[in-house]
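Chain and residue survey
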Amino acid sequence: PVISAMEVIESQEVDYSQIGGLDDQIREVSESVELPLTRPESFVRIGISPPKGVMLYGPPGTGKTLLAKAVAHRTNATFIRVVGSELVQKYIGDGAKLVRDIFEMARKKAPSIIFIDELDAIAATRLNDTNGADREVQRTLMQLLAEMDGFDNRGDIRIIAATNRPDVLDPAIIRPGRFDRVIEIPLPDQTGRESIFYIHTDRLSIDGDVDLAKLAKLTEGASGADIGAIVMEAGMFAVRQNNDSISMSNLVEAVDKVISAPDIINDPSL
Ligand code: ATP
């Protein structure tokens, strides 16, 4: 059962072109993850060591997972995804072993990208590490750091971690040779939102008068995931009305519905 905590995907379908508004971040991730895998000799020639690990931080639903998958796709690397909170909740007593298994698998299936989502669940600073559960999490983190320190950074394993809570991370995690590249993945600005609307509607049947720039204006503060939900909702309205395509009014109505909906998952007051 231990192996089921990680998801191993040998080929990814996500491409950089499906990620909106993150051009600088795409370039940075591609330089620090893709180049070491595709042109390791450049690093040898110049004499610098590529980063072993890259940390992506920012609000939920902004494209961190998408970006990690797209890099794996570009490099033809095996993509191994682990979720920090699952590691902690489901594998009590086994977290450290699971981390060992993950790196073992990554070596076997190299080139590999290990993607650790919700890194904060295993790498938060603990103020009172007195109880057993905390100590267990601590052991899992120690094993992760040991594995990272142990592998050769000229090799073909890269680690990408994602978090919404960079403020709570143990500083040991971002020491040189560990997650030494830290990249912010922010909420999209207006241009970013427009291109995300474009990406999400590109293959759909859409009325000619749909104004993506206007939709981007109406959705200040929305994440890429919110925009995906808006387009899906607009599609549902069109289906319900038995129309042939999605209209601007379907989209505007969907903006209202998605943006004003209470976020029962992330709002602590609900
Ligand atoms: P979390 O922190 O909640 O894990 P995340 O940042 O990893 O979130 P993703 O899982 O990458 O977010 O995004 C969820 C979905 O939202 C994507 O599958 C995609 O449909 C949409 N999305 C998010 N960001 C973007 C973006 N920049 N461009 C296009 N689509 C996006």
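Residues numbered from 1 in each chain as written. Predicted model: local features only at pLDDT ≥ 70, side-chain atom pairs only at ≥ 80, totals over all residues. Heavy atoms only, no water.

Things to note about empty space enclosed by the protein
Using the following cut-off: Residues are said to line a cavity or pocket when one of their atoms sits within 4 Å of a point; the points come from a 1 Å grid over protein atoms alone, cavities being sets where a 1.4 Å probe fits but cannot get out and pockets being open sets with protein on both sides within 12 Å along at least five of seven lines. Grid points are joined across faces, edges and corners, and a volume is the space filled by probe spheres set on the points. Only DSSP runs of H or I with at least four residues qualify as helices, and only runs of E with at least two residues qualify as strands; both kinds are numbered from the N terminus onward. Each residue is assigned to one class: nonpolar for Ala, Val, Leu, Ile, Met, Phe, Trp, Tyr, Cys and Pro, charged for Asp, Glu, Lys and Arg, and polar for all the others, Gly among them.
Inspection of the entire model under this criterion finds two cavities of 30 Å³ or more. Considering only enclosed or pocket space, the largest cavity measures out at about 60 Å³ in volume. Forming the walls of the largest cavity are Val82, Leu87, Val99, Ile102, Phe103, Ile114, Ile116, Ile122 and Leu144. Sorting elements by how many residues they give to the lining of the largest cavity places helix H5 (residues 95-108) first, with three residues. Here the lining of the largest cavity is built from residues that sort into nine nonpolar, no polar and no charged.

Some details on the site of the ligand
Using the following cut-off: One heavy atom within 4 Å of a molecule or strand makes the whole residue count as near it. Pairing of N or O atoms within 3.5 Å defines a polar contact, subject to two protein rules: one partner must be a possible hydrogen donor and the other a possible acceptor, and residues neighboring in sequence count only if both atoms are side-chain atoms. Shrake-Rupley sampling with a 1.4 Å probe provides the accessible areas, and residues are treated as covered by the protein chains on show and by no other component.
Taken together, 17 residues lie near the ligand, and Gly20, Gly61, Lys64, Thr65 and His200 sit nearest. Within the backbone of Gly63, an N or O atom sits 3.0 Å from an oxygen atom of the ligand. At 2.9 Å, a side-chain N or O of Lys64 approaches an oxygen atom of the ligand. In isolation the ligand offers 630 Å² of accessible surface; the protein chains occlude 76% of this area. Among the elements of the structure, helix H3 (64-75), helix H8 (190-201) and helix H10 (224-240) are those that each provide at least two residues to the shell around the ligand. Class assignment for the residues of the shell around the ligand results in six nonpolar, nine polar and two charged.

Some thoughts on the pattern of salt bridges
To be explicit about the condition: Put simply, a salt bridge is a Lys or Arg side-chain nitrogen that is within 4 Å of an Asp or Glu carboxyl oxygen. Per-residue accessibility, obtained with a 1.4 Å probe over protein chains only, is compared with the maximum for each type, and a residue is labelled buried under 20%, exposed over 50%, and partly exposed between these values.
Following the criterion strictly, the structure yields 10 salt bridges and no others. In this structure, Arg27 and Asp24 form a salt bridge, with 3.8 Å as the shortest nitrogen-oxygen distance. Taken together, the residues span about one helical turn, with Arg27 and Asp24 both in helix H1 (residues 23-38) at a distance of three residues. One salt bridge in this structure joins Asp101 and Lys97, with 2.9 Å as the shortest N-O distance. Taken together, the residues span about one helical turn, with Asp101 and Lys97 both in helix H5 at a distance of four residues. The class for Lys97 is partly exposed, based on a relative accessible area of 38%.

Quick notes on the UniProt feature "binding site: ATP" (unreviewed entry) in the protein chain
To keep things clear, this is the line we draw: UniProt positions are given in the numbering used here, feature names are shortened, and annotations may be inferred rather than shown by experiment. For this analysis, residues touch if any pair of their heavy atoms sits within 4.5 Å.
Residues annotated in UniProt with the feature "binding site: ATP" (unreviewed entry) correspond here to Gly61, Thr62, Gly63, Lys64, Thr65, Leu66 and His200. Those annotated residues that line the largest pocket are Gly61, Thr62, Gly63, Lys64, Thr65, Leu66 and His200. Turning to its location among the elements, Lys64 is positioned in helix H3. Apart from the residues within four sequence positions on either side, Lys64 is in contact with Leu56, Tyr57, Gly58, Pro59, Phe115, Ala162, Thr163, Asn164 and Ile185. On the secondary structure map, Thr65 appears in helix H3. Excluding anything up to four places from it in sequence, Thr65 contacts Arg81, Phe115 and Asp117.

Regarding the layout of surface pockets
The volume enclosed by the largest pocket comes to roughly 720 Å³. Among the secondary structure elements, those contributing two or more residues to the lining of the largest pocket are H3, strand S5 (157-163), H8 and H10. It is H8 that contributes the most residues to the lining of the largest pocket, four residues altogether. In the lining of the largest pocket, the residues fall into 14 nonpolar, 12 polar and seven charged.

A short note on the packing of H10 against helix H11 (residues 248-260)
Condition: Lines fitted to the C-alpha atoms define the axes, with helices restricted to the stretch that makes contact. Angles between their N-to-C directions range from 0 to 180 degrees. The scheme is simple: roughly parallel for angles under 35 degrees, roughly antiparallel for over 145, roughly perpendicular for 65 to 115, oblique for anything else. Handedness of a helix crossing follows the sense of rotation of the near helix relative to the far helix, less than a right angle counterclockwise being left-handed and clockwise being right-handed.
Between H10 and H11, the shortest axis-to-axis distance is 8 Å and the interhelical angle comes to 125°. Judged by the angle between their axes, H10 and H11 are oblique. The chirality of how H10 crosses H11 is right-handed. Contact with H10, carried on its side by Asp226, Ala229, Ile230, Val231, Glu233, Ala234, Phe237 and Ala238, involves Asn250, Leu251, Glu253, Ala254, Val255, Lys257, Val258 and Ile259 of H11 and no other residues of that element. Taken together, the residues that form the contact of H10 with H11 break down as 11 nonpolar, one polar and four charged.

Some points on the confidence of the model for the protein chain
Heads up, the condition is: The predictor reports its confidence for every residue as pLDDT, a score running from 0 up to 100.
For the protein chain, per-residue confidence averages 87 on the pLDDT scale, and 87% of positions sit at 70 or higher. Within the protein chain, H8 carries the highest mean pLDDT (98), whereas strand S1 (residues 6-9) carries the lowest (68). Confidence estimates for the predicted assembly give a pTM of 0.87 and an ipTM of 0.96.

Description of H11
The condition that has to hold: For a helix, the expected span equals 1.5 Å multiplied by the number of residues minus one. Here, the arc refers to the directions that run from the helix axis to the C-beta atoms.
Over its 13 residues, H11 extends 18 Å from the first C-alpha to the last, a length consistent with the 18 Å expected when each residue adds 1.5 Å. All of the buried residues in H11 are Met248, Asn250, Leu251, Ala254, Val255 and Val258. On an axial view of H11, the arc spanned by its buried residues comes to 150°, and they lie on one face. Turned more than 90 degrees away from the buried face of H11 sit Ser249, Asp256 and Ser260, all of them exposed.

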